[in-house]
Amino acid sequence: QVQLVESGGALVQPGGSLRLSCAASGSIFSINAMGWYRQAPGKERELVAVITTGDITNYADSAKGRFTISRDNAKNTVYPQMNSLQSEDTAMYYCNLKQGPQFEYAYWGRGTQVTVSS
């Protein structure tokens, strides 16, 4: 089993920055992909950014140029640095880990709230 613990969610003003973190523990394969998704009220959960153990990254169009995802493989931790935050970035942010031959095993954290408001 895999456990994911997120931290770093907060209330931030428009234009501000925030750094989240997600630490994974348990039965973690050497090759995996860790990422962040978000879900705003009344909307579907959507990808924000993902990074593999080989440092291959993928970003949502809304995150490109503003967010940067990195990871520490030794600590099984992923860090999204979010800059130039806007009100539309307000959502519950969930950490996700995928592993397996086809990345078919998926695990979720409980989420951390990010609110962008003046």
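The paragraphs below set out a description of the structure included in this document.

Time to look at the nonpolar core. Within the largest apolar cluster, 28 residues are counted, with the highest numbers of intra-cluster contacts made by Leu4, Met34, Trp36, Val78, Met82 and Tyr93. Of all elements in the fold, only β1 (2–7), β4 (21–26), β5 (32–39), β6 (46–52), β8 (67–72), β9 (77–82), β10 (91–99) and β12 (112–116) reach the threshold of two or more residues within this core. The greatest single-element share of this core, amounting to 4 residues, is contributed by β10. Setting aside residues up to four positions removed in sequence, leucine 4 forms contacts with Cys22, Ala23, Ala24, Met34, Cys95, Asn96, Leu97, Tyr107, Trp108 and Gly109.

What follows concerns the packing of aromatic side chains. By the definition in use, this model includes 2 aromatic pairs. Summarising the aromatic geometry, the rings of phenylalanine 29 and tyrosine 105 are spaced 6.4 Å apart at their centres and angled 85 degrees between planes, so their arrangement reads as edge-to-face. Here tyrosine 105 lies in strand β11 (residues 105–108) and phenylalanine 29 lies in the loop between β4 and β5, a separation of 76 residues in the sequence. Ring geometry for tyrosine 37 against tryptophan 108: centres 5.0 Å apart, planes inclined by 65 degrees, an arrangement best described as edge-to-face. Within this pair, whereas tyrosine 37 is found in strand β5, its partner tryptophan 108 is found in strand β11, the two being separated by 71 residues in sequence. Looking at arginine 19, its charged tip hangs above the ring of tyrosine 79, at a distance of 4.2 Å from the centre. If you follow arginine 45 out to its NZ or CZ, it ends over the ring of tyrosine 94, 3.8 Å from the centre.

Pairs may arise between side chains of opposite charge once their charged atoms sit close together. All told, the structure shown has 4 salt bridges when counted by the stated rule. Across the pair aspartate 89 and arginine 38 runs a salt bridge whose closest N-O atoms are separated by 2.9 Å. Here the residue aspartate 89 occupies a position in the loop between β9 and β10, and arginine 38 occupies one in strand β5, the gap between them amounting to 51 residues. The same class applies to aspartate 89 and to arginine 38, which are both buried. Residue aspartate 89 pairs with arginine 66 through a salt bridge whose shortest N-O separation is 2.7 Å. Of this pair, aspartate 89 sits in the loop between β9 and β10 while arginine 66 is found in the loop between β7 (57–59) and β8, placing the two residues 23 residues apart along the sequence.

Relative to the elements of secondary structure, tyrosine 93 occurs in strand β10. Sequence spacing of tyrosine 93 and glycine 42 is 51 residues, and the spatial spacing of their C-alpha atoms is 14 Å. The contacts of tyrosine 93, once residues within four sequence positions are left out, are Glu6, Leu20, Trp36, Tyr37, Arg38, Val48, Met82, Gly111, Thr112 and Val114. Separated by 2.6 Å, the side chain of tyrosine 93 and the backbone oxygen of aspartate 89 make a polar contact.

Covered by surrounding structure in β8 are Phe67, Ile69 and Arg71 only, the residues Thr68, Ser70 and Asp72 on the alternate face being uncovered. By the bridge criterion, 6 bridges tie β8 to β9 in an arrangement that is antiparallel. Its bridge partner being in β9, phenylalanine 67 is matched across the sheet by methionine 82. A loop of 4 residues connects β8 with β9, the two strands running antiparallel in sequence, and asparagine 76 in this loop sits at a positive phi of about 50 degrees.

What counts, and where the lines are drawn
- Residues numbered from 1 in each chain as written.
- Predicted model: local features only at pLDDT ≥ 70, side-chain atom pairs only at ≥ 80, totals over all residues.
- Heavy atoms only, no water.
- Core = buried A, V, L, I, M, F, W, Y, C linked by side-chain atoms within 4.5 Å.
- Buried < 20%, exposed > 50% of the residue type's maximum accessible area, 1.4 Å probe, protein only.
- Helix = DSSP H or I, 4+ residues; strand = E, 2+ residues; numbered from the N terminus.
- Contact = heavy atoms within 4.5 Å.
- Phe/Tyr/Trp six-rings, centres within 6.5 Å; stacked < 30°, edge-to-face > 60°.
- Lys NZ or Arg CZ within 6 Å of the ring centre and 35° of its normal.
- Salt bridge = Lys/Arg side-chain N within 4 Å of Asp/Glu carboxyl O.
- Polar contact = N/O pair within 3.5 Å; in protein donor to acceptor, adjacent residues only side chain to side chain.
- Pairing = 2+ DSSP bridges.

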